[in-house]
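For reference, the chains in residue letters:
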Amino acid sequence: MSAVGQSNIGGLRKPMIWDRAHLSVILRIGIIVAVAIVCVIAAVLTSAHRADEVALDQQRQLFTRAIADQGERVLREVESVTASDRAIHNIRVERNLPWIRQRIGQWLETYFDHQFVFVIDESDQIIDSLADRDAVDTEQSKAIHSDLAPLLDYLRGRTPEIPGGAMTILATDQATDLGHGKRVALVQKLLGRPAVIAAAEITLPEQDSRGVAPFVMAAKFLNEEMLGNISGQLQLPNLRVLDGGQVPPQDFLFNLTDDHGQTLARFAWTPKRPGSQIVRSVLPFVAIAIAGFAVLAAFVLRYMLRTAATIAAGEERLRHLALHDPLCGLPNRTFFGERLETVINEVRSGGRPAAVFYIDLDHFKDVNDTLGHPVGDELIRNVTLRLNRILRGNDLVARLGGDEFAVITSSGTDPYLLEGIAGRIISALSAPYSINGQNIVIGASIGITVIDHRTQGAADIMRYADIALYRAKNEGRKRACIYDAEMDEDLSSHKLLENDLRDAIENGALYLAYQPVVNNSGEIVVGVEALARWNHPERGDIPPAEFIPIAENSGLITALGEWVLRRACLDGKAWPGIAVAVNVSPLQFRRTDFVEMVERILAETEFDAARLELEVTESTFLGNVATAETAMHRLKALGVRLALDDFGTGYSSLLYLRRFPFDKLKIDQSFTASIETAADAAAIVHAIVSLGRGLGMKVTAEGVETAEQQLFLRAAGVHTMQGFRFGKAVSAATISVRLAISAGRRPPSDIAAAG
């Protein structure tokens, strides 16, 4: 064989050896991956089955609790119309049927959708069938009376316990603050259909019972409407009552049993099966993994080709990075400055006027501090995408650094047009972002300045835009301001006020006012809310809405919050048994030393931590969930109580209620003010009360000003209230006087004089 032939053979055998070696490695890796996939599938199937069982058990518990909530609600609704001297007089004394029909039956039918309402007299006869009287014939009335007879025997004491065929929700002889005696709420069959039935004795503790008392009974069937509401709340699709027939395989059958374990009603719904969903989501990935082996070689070859192209593009990228931000790809400060000078020269030469938008992201630093810089970087990229979608193609968008952006636009200089553009930018940037499983909400403040023939240079334009931005941030953020000459003077005035506030905090020139918090009858003060007040020596009283934002923007909120907490604890020592509520700013709560500060003040003032209530708003948790949770559990360990203020008006999330250990929900005064005029506001109040009670929290309503609002909130189940109806915010001395008078003792002369 010639040398040439040997060379050719050698050249053919080397690739063959290379291929066999790599094929062996690939086969080994494939076997390992296949075994791992089988193990993962087995683990997923086992976990999926367990997850389905846990989900079904949770759904059963939630459904049973929802039925019980319906019974308690029906009972509260019955109590709300019968607990009065007028009801006793018209039912027990005069048997005033028109009044009964209008104020008992018609009210419960119209406002609470009760299907049947009965008044049972002392001889167990139905005084009047108040629900759809014309549709209730004699036979049906007898059937109703027969269905209710066992319950009447229990209410009259003829039987010691509720008979079979009923699921007891509530049964008690103990008088409530509404004045009822014997009360019961249960689920039983009525006219052959499952129904929630509630009964309340018509009597008040302070009145002579005069023998056997009548009862008011109300019934609501577990019909499609009620089950539809429960289905929507609990997310139980196809929830229905089963009268018979087979249940589809994908549905779940639930037997509601009475107190003796006998089936009272049968329900079915399509349950959530998270485990099955997991299995379905995993199978495609297994198929993709197998297919991945087939294309592995192609990807390697492609990678080699792209590497060569990447090297060629490197120089172009370096040139690009010199004038663009490496994170988001927008023009940087250098590029923006050059373009701004060009635009100014064009305008001076007779070109179209232009405008500059100076954009600052609100709360971006909090995202970086709490979630880390990688999340902050991704947020910057999302902001860039939104800005590019909003603005025109010939507008320049640049990132000046950090959370600052700038825009040069030639869209016009009309103030309304500029404000419209700024409004669209703010709306777009304020919409929630979903990054790495985190729901992040920020805002944007914008300063605007116009470029015209009088403009001196780029430095002046940016200074004017910065002044306008400062005004926008001080007016509450998430807004835009157009520069005018008066802003320079306003800026100086604002700085002076900021310095005065700093001096007032350091010298103790602020004071606290306390607004009473009362029980739902409005008679007993159970707590106070501390509110900061500032009487300026020259400007007089400055409202909190003006100086609190200054404190937050200037960093004074930490010192102010610490002073308020210490002063409230010192004043509160004079009111044993009274809770003292203190509002906490989100900026203050996010400080790493906040819990230590609270613990230090409690020790210095020797104030009982169990009487301290810290109120936070939902904005406290934005981008700060994990840190906030840790801080709240540490505060709970100290004994401090926590309240979620203004619930429903911010970025409400039920996750907050489940994750954080709140003791109280506070209904915002905007809902309280609307309950008499807006049905949706009343519905929201009922929902919040039910939610709070269901989670074991107390519920406080703010802004109560009228007797009608108080009665409604009391019937809805609110625990405590505050508002002008019970007293405005007053000095600590006045609170001491009020507590002394309500306790039936004469206040000390010095406190009385001060009050």
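Described in the following lines is the structure provided in the data block. (Residues numbered from 1 in each chain as written. Predicted model: local features only at pLDDT ≥ 70, side-chain atom pairs only at ≥ 80, totals over all residues. Heavy atoms only, no water.)

Observations concerning the overall build of the protein
So the rule is basically this: The helix count covers DSSP runs of H or I at least four residues long, the strand count covers runs of E at least two residues long, and both are numbered beginning at the N terminus. Three exposure classes are used, based on accessible area relative to the maximum for each residue type with a 1.4 Å probe and protein chains only: buried under 20%, partly exposed in between, and exposed over 50%. Contact definition: two residues touch when any of their heavy atoms are within 4.5 Å. Using a 1.4 Å probe, accessible areas were evaluated by the Shrake-Rupley method; residue-level cover was limited to the displayed protein chains.
Summing up its helical and strand segments, the protein has 23 helices and 25 strands in all. Sorting the 755 residues of the protein into buried and exposed places 43% on the buried side. Residue pairs at least 24 apart in sequence account for 65% of intrachain contacts in the protein once pairs closer than 6 positions are excluded. Carbon together with sulfur atoms contributes 54% to the accessible area of the protein, which is approximately 38400 Å² in total.

Some words on the side chain of Gln-722
Keep this limit in mind: Each polar contact in these results corresponds to two N or O atoms within 3.5 Å; when the atoms are within protein, one needs to be able to donate a hydrogen and the other to accept it, and residues that are neighboring in sequence are counted only if both atoms are side-chain atoms.
Summarising the element assignment, Gln-722 is placed in the loop between strand S25 (720-721) and helix H22 (732-742). Within the structure, Gln-722 has its side chain in polar contact with the side chain of Glu-529 (distance 2.8 Å). Among all residues touching Gln-722, those that are not within four sequence positions of it are Gln-515, Pro-516, Val-517, Glu-529, Lys-666, Thr-700, Ala-701, Glu-702, Gly-703 and Val-704.

Brief notes about the sheet that holds strand S16 (residues 480-482)
Here is the rule we go by: Pairing between strands is defined by DSSP: at least two bridges between the two strands are required. Between N-to-C directions, angles span 0 to 180 degrees; the directions come from axes that are lines fitted to C-alpha atoms, helices contributing only their stretch in contact.
Overall, mixed pairing links the five strands, which are arranged S11-S12-S10-S15-S16 in an open sheet. Every interior strand has two partners, whereas the edge strands, strand S11 (396-401) and S16, have only one. Looking at each pair of strands side by side, their axes are set apart by 20 degrees on average, direction ignored. Here strand S15 (residues 443-451) pairs with S16 via three bridges, running parallel. Looking across to S16, one finds that Ile-448 is bridged to Ile-482. Against the sheet, helix H9 (residues 373-390) contacts strand S10 (354-362), S11 and strand S12 (404-409), and its axis sits at roughly 15 degrees relative to S12. Helix-sheet contacts for helix H10 (residues 415-430) involve S10, S15 and S16, and the interaxial angle to S15 is about 155 degrees.

Details of the sheet that holds strand S7 (residues 240-242)
Strands sit in the order S7-S9-S8 across an open sheet of three strands; the sheet is antiparallel. The sheet is open, and its two edges are formed by S7 and strand S8 (252-257), each paired on a single side. Strand-to-strand, the axes of this sheet are offset by a mean angle of 40 degrees, without reference to chain direction. As paired strands, S7 and strand S9 (residues 263-269) are joined by three bridges and run antiparallel to one another.

A closer look at the pattern of salt bridges
Put simply, the test is: A carboxyl oxygen of Asp or Glu within 4 Å of a side-chain nitrogen of Lys or Arg is what we treat as a salt bridge.
Using the criterion set out here, one finds 26 salt bridges in the structure. One salt bridge in this structure joins Lys-473 and Asp-362, with 3.6 Å as the shortest N-O distance. Taken together, the residues Lys-473 in helix H11 (residues 458-474) and Asp-362 in strand S10 connect sequence positions 111 residues apart. The same class applies to Lys-473 and to Asp-362, which are both buried. One network of salt bridges, with partners in common, ties together Asp-360, Asp-362, Lys-473 and Arg-477.

Structural notes on helix H4 (residues 138-155)
The condition is simple: Given a helix with a known number of residues, its expected span is that number minus one, times 1.5 Å. Fitting axes to the seven residues that end at a residue and to the seven that start at it, the angle between those axes gives the bend at that residue.
For H4, which comprises 18 residues, the first-to-last C-alpha distance of 24 Å matches the rise-based estimate of 26 Å (1.5 Å per residue) to within 8%. The largest bend in H4 comes to about 45 degrees, at Ala-149, with the proline Pro-150 one to four residues further on. Buried residues along H4 sit in contact with strand S1 (116-120), strand S3 (166-172), strand S4 (183-190), strand S5 (193-201) and strand S6 (215-221). After H4 finishes, the residue Gly-157 shows a positive phi value of roughly 85 degrees.

A short note on the packing of aromatic side chains
Put simply, the rule reads: For Phe, Tyr and Trp, rings pair up if their centres lie within 6.5 Å, where Trp contributes its six-membered ring, and each pair is then called stacked (planes under 30 degrees apart), edge-to-face (over 60) or tilted (otherwise). In this scheme, the term charge over a ring applies when either NZ of a lysine or CZ of an arginine sits within 6 Å of the ring centre and within 35 degrees of the ring normal.
Following the criterion strictly, the structure yields 13 aromatic pairs and no others. Summarising the aromatic geometry, the rings of Phe-63 and Trp-269 are spaced 5.4 Å apart at their centres and angled 45 degrees between planes, so their arrangement reads as tilted. Note that Phe-63 is positioned in helix H1 (residues 3-82) and Trp-269 in strand S9, a separation of 206 residues in sequence. Of the two residues examined, Phe-63 and Trp-269, each falls in the buried class. Ring centres 5.1 Å apart and planes at 85 degrees place the aromatic pair Tyr-514 and Trp-575 in the edge-to-face group. Taken together, the positions of Tyr-514 in strand S17 (residues 510-519) and Trp-575 in the loop between helix H14 (557-572) and strand S20 (579-583) put the pair 61 residues apart, joining distant regions of the chain. An aromatic cluster of at least three residues, connected via ring pairs, comprises Phe-63, Phe-252, Phe-254, Phe-267 and Trp-269. The cationic tip of Arg-193 hangs over the ring face of Phe-221; the distance from NZ or CZ to the ring centre is 4.0 Å.

A closer look at helix H13 (residues 544-554)
Stated formally: By construction, the arc corresponds to the directions joining the helix axis to the C-beta atoms.
Taken as a whole, H13 has its buried residues at Phe-547, Ile-550 and Ala-551. The arc that holds every buried residue of H13, seen down its axis, measures 100 degrees, which confines them to one face. Positioned one or two residues after H13, Gly-555 has a phi angle of 85 degrees, which is positive.

Digging into a negative patch on the surface
Here is the rule we go by: Nonpolar side chains (Val, Leu, Ile, Met, Phe, Trp, Tyr) are joined into patches within 5 Å and like charges within 9 Å, using only residues with over 30% relative accessible area and no salt bridge. Charge assignment: positive for Lys and Arg, negative for Asp and Glu; neither His nor the chain ends contribute. Where a charge lies is defined by one atom per residue type: Lys uses NZ, Arg uses CZ, Asp uses CG and Glu uses CD.
A cluster of acidic residues, Asp-500, Asp-503, Glu-506 and Glu-538, forms a negative patch on the protein surface. Here Glu-506 shows up in helix H12 (residues 486-507).

A short note on the packing of H14 against helix H16 (residues 594-605)
Counted only if it meets this: Angles are sorted into four bins: roughly parallel if under 35 degrees, roughly antiparallel if over 145, roughly perpendicular if 65 to 115, and oblique for all others. A crossing counts as left-handed when the near helix is turned anticlockwise from the far one by less than a right angle, and as right-handed when that turn is clockwise. Classification convention: Asp, Glu, Lys, Arg as charged; Ala, Val, Leu, Ile, Met, Phe, Trp, Tyr, Cys, Pro as nonpolar; all other residues, Gly among them, as polar.
The contact between H14 and H16 brings their axes to 10 Å, and the two run at 30 degrees. It follows from the interaxial angle that H14 and H16 lie roughly parallel. The hand of the H14/H16 crossing is right-handed. Each of Glu-562, Leu-565, Arg-566, Cys-569 and Leu-570 in H14 lies in contact with H16, whose residues at this interface are Met-597, Val-598, Arg-600, Ile-601, Leu-602, Glu-604 and Thr-605. Its residues assigned to classes, the contact of H14 with H16 comprises seven nonpolar, one polar and four charged.

Focus: the packing of helix H20 (residues 679-694) against helix H21 (residues 707-716)
H21 packs onto H20 with a crossing angle of 40 degrees between their chain directions and a minimal axis gap of 10 Å. When the interaxial angle is binned, H20 and H21 end up oblique. H20 and H21 meet at a crossing whose hand is right-handed. Counting all contacts with H20, which are made through Ala-682, Val-685, His-686 and Val-689, the residues of H21 involved are Phe-712, Leu-713 and Ala-716. Considering only residue class, the contact of H20 with H21 consists of six nonpolar, one polar and no charged.

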